[in-house]
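A structural walkthrough
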Amino acid sequence: MKMNSDNFDKTLTKILKYTKPFSIRLAPDDMLSVPPEERQSDVTLRPPSTYWKDVFRRFSRNKVAIVSLIVIILIALFAFVGPYFSPYNYAQQIRGSERLSPCFAHPFGTDALGRDMLVRVMIGTRLSLTIGVFCAAIVLLVGSIYGAISGYYGGMTDNIMMRIADVIYSLPTVLVIIILQISLDQPLRELFPNSRLGTSVISIFIAFALVYWVDMARMVRSQVLLLKQNEYVTAAKAMGASDTRIISRHLIPNSIATITVSALFQVPTAIFLEAFLSFLGLGPSAPMASLGSLASSALSGIQSYPYQLFFPALFICLLVLAFNQFGDGLRDAIDPRMKN
Amino acid sequence: MVRFLSRRIVSMILAIFVVITLTFFLMNLVPGGPFNTEKLSPKAAAILENKYGLNQPLLKQYTDYLGDLLRGDLGVSIKKVGYTVNELIAEKFPVSASVGGIAICIAVILGIPAGVIAAMKRNTVIDRIIMFICTLGVSVPSFIVATLLLYVFGIKLAILPTMRLNSAASYIMPAVALSLSPLCYITRLTRSSMMEAMEQDYIKTAQAKGLSRLTVIGKHALRNSVIPVITYLGPLTAAILTGGFVVENIFSIPGLGKYFVESISNRDYPMIMGTTIFFALLLLVLNFIVDLLYKVVDPRIKY
């Protein structure tokens, strides 16, 4: 559209009439200091919140989760520090005090060989906790690497890797673990002749590394698929970052919260599984004990010595319950949308 | 659909193949054959090894085993002389299946209504109690539940039989012990999907039309919230099956689970392999059926 000059002049005079270009109008009032009421608006009401501060705030509001965390810490202290305060050793057989009921000297009683149950439950809890945490770490490691590679490269790589994961997913895991444990027993015994843990624990780790990572890998993959669309990934690529660097520096740190939560749920799973295997007689070799093997050896005397089952069973349940509730709480704190 | 089916079938066959191969080679990794533990003269051991084909090269044994499997022959039990693995499975599996079947029924029949009630009475005392029991229920291993039941009802109160399956009453404890944790899981699953379904617009429409509460819940909400429960049926069977290993031992039920554990402890390799393959096959086929069922129940699902 062409504006004729007459019209243009009219508009210009109109503008000049209402504004004063190239001048700043100052009133004496402007030189006064800001009154206190007005200053209020500049005060930061609370320090700017970071992502982790938000998570912590939401988490600390959740009473059940806090209690669970305290229970976990207490049980961990009981298991890792407790044995040092006990006058007995977990393998020590006290002649003449076999199958004692809970009493002052032995608060949890003694077993058929005269071993103090309190210190055995401590050692058992320690082993079960260790297994739980290690298995979660293994799943975290294998699953996130596999998932990240699959999601990042996409295409044919992704397709093949996910089909492999499908096959592993459909394997009956407990059966595979039993088979692994039976057959790895002898070779592992030769590899680690001095292992106090016994071969069963090592084969549980191997089994977790082989079959339990699929869920984790799928989750990490979907996270990576989302994240790799982000601008900062493009920017990193443009600056010549290698794939390894992008995966390890950008993609995994950004999905770490979600990944950690689902790894946390592996802890009770592993504790459960270990108890189950111990019950089938595939547990740690004596005199080492896990909560599962303690419970299982108490079964034969259930009629006369029910307390021998009671304490290990109580600790299994407490641990599993606490980890489940803690995981739920953490998940809700990290991603409130995931709540129900 | 065709693409989904073919992908699913291929993946199932691959999984079966992986199970067989893994089982076979792992079992053969174990140093010392099954005849090393007994006090046998080398000559007798050689005769036995020849009889069971253990002196053949490994690859030949493997292909022979695959061939036998294709014919449906799982081999002979080494420890239970005179029995084939097929016979043992045929004899013992029905026992396990009956206990497991009852447990699955308990879990589904009680779990869904409990979940619906909890969702309807959301945040009331009833909901809290149900959820509390369920949270506890999934945190207790089945062998502890079984032992506690045995101790309380079998020994202290002595109102239920503790051993074997001689009467209808003797099914109660094993089935309850097996079903507790799946029951709790189903309740939680139903509750959360029911609450989600109740938020949907079609529920508001149904309510606005003036339908009775029962129709709204039963016909509109429940149908949609049952879908996650169906997907759980696969893992449920697996849980009942492996739970059976433990529960059958505690209650001395002569089922396949108990026998499987026994064959683990006396290293009856053909029996372990046979049972593993049988269980794996059962689970894979069941999972496949569940996937199909899922599609039938919810026609919106496209693959």
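As the structure is a computational prediction, the values presented were derived from the model and not from experiment.

1. Structural notes on the overall build of chain B
Across its full length, chain B holds twelve helices and zero strands. Secondary structure elements of chain B, listed N to C terminal, follow the sequence α-α-α-α-α-α-α-α-α-α-α-α. Across its three principal directions, the C-alpha atoms of chain B cover 85 × 60 × 30 Å. Counting over 303 residues, chain B shows a buried share of 36%. Counting only contacts in chain B whose residues sit at least 6 apart along the sequence, the fraction spanning at least 24 positions is 75%.

2. Quick word on the overall build of chain A
Tallying secondary structure elements over chain A gives 15 helices and zero strands in all. By residue count, 39% of the 340 residues in chain A fall in the buried class. Counting only contacts in chain A whose residues sit at least 6 apart along the sequence, the fraction spanning at least 24 positions is 69%.

3. A closer look at the interface of chain B and chain A
On the side of chain A, 35 residues touch chain B, which itself brings 39 residues to the contact. Counting residues per element, the ones that place at least two in the side of chain B that touches chain A are helix H1 (2-29), helix H6 (142-156), helix H7 (172-198), helix H10 (227-250), helix H11 (256-265) and helix H12 (269-297) of chain B. Top contributing element to the side of chain B that touches chain A by residue count: H1(B), with eleven residues. Its residues assigned to classes, the side of chain B that touches chain A shows 29 nonpolar, ten polar and no charged.

4. Focus on helix H11 (residues 231-238) of chain A
For an α-helix, 3.6 residues make a turn, and residues three or four places apart therefore share a direction. The element H11(A) is barely covered by neighbouring structure, given that only zero of its eight residues are classed as buried. Positive phi shows up at Gly240(A), right after H11(A), with a value of about 85 degrees.

5. So, the nonpolar core
Of all hydrophobic cores here, the largest spans 151 residues; its most connected members are Val139(A), Ile271(A), Ala295(A), Ile316(A), Ala146(B) and Ile186(B). Of all the elements, helix H6 (residues 117-153) of chain A adds the most residues to this core, at 17 residues. Excluding residues that lie within four positions of it along the chain, Ala295(A) makes contacts with Ala275(A), Phe279(A), Leu309(A), Pro312(A), Ala313(A), Ile316(A) and Ile144(B).

6. Digging into unusual backbone geometry
For Ser252(B), which is not glycine, the phi dihedral falls at a positive 50 degrees. Locating Ser252(B) in the fold gives a position in the loop between H10 and H11.

7. Concerning the confidence of the model for chain A
Close inspection of predicted coordinates is inappropriate in any region flagged by low pLDDT. Taken as a whole, chain A shows an average pLDDT of 78; of its residues, 86% reach a score of 70 or greater. Of all secondary-structure elements in chain A, the lowest mean pLDDT belongs to helix H1 (residues 5-18) of chain A, at 73, while helix H4 (residues 63-80) of chain A reaches the highest, 87.

8. Things to note about the packing of helix H14 (residues 291-298) of chain A against helix H15 (residues 307-334) of chain A
Residue and element names in this part refer to chain A. The geometry of H14 relative to H15 is characterised by a closest axis approach of 8 Å and an angle of 150 degrees between their N-to-C directions. Relative to H15, H14 is oriented roughly antiparallel. For the crossing formed where H14 meets H15, the hand is left-handed. The segment H14 lies against H15, with Leu-291, Leu-294, Ala-295 and Ala-298 engaging Gln-308, Leu-309, Pro-312, Ala-313, Phe-315 and Ile-316. For the contact of H14 with H15, the residue count by class is nine nonpolar, one polar and no charged.

9. A closer look at the packing of helix H5 (residues 125-137) of chain B against H7(B)
All names here are of chain B. Where H5 contacts H7, the two axes come as close as 8 Å, and the packing angle between them is 135 degrees. The orientation of H5 relative to H7 falls into the category oblique. Of the two elements, H5 crosses H7, and the hand of that crossing is left-handed. Here Ile-130, Cys-134 and Gly-137 of H5 lie close against H7, whose contacting residues are Leu-180, Ser-181, Leu-183, Cys-184, Thr-187 and Arg-188.

What counts, and where the lines are drawn
- Residues numbered from 1 in each chain as written.
- Chains lettered and ligands numbered in written order.
- Predicted model: local features only at pLDDT ≥ 70, side-chain atom pairs only at ≥ 80, totals over all residues.
- Helix = DSSP H or I, 4+ residues; strand = E, 2+ residues; numbered from the N terminus.
- Buried ≥ 20, exposed ≤ 12 C-beta atoms within 10 Å, placed from the backbone.
- Contact = placed C-beta atoms within 7 Å.
- Nonpolar A, V, L, I, M, F, W, Y, C, P; charged D, E, K, R; others polar.
- Core = buried A, V, L, I, M, F, W, Y, C linked by C-beta atoms within 7 Å.
- pLDDT = per-residue confidence, 0-100.
- Axes fitted to C-alpha atoms, helices over the stretch in contact; angles between N-to-C directions.
- Parallel < 35°, antiparallel > 145°, perpendicular 65-115°, else oblique.
- Left-handed = near helix turned anticlockwise from the far one by under 90°.

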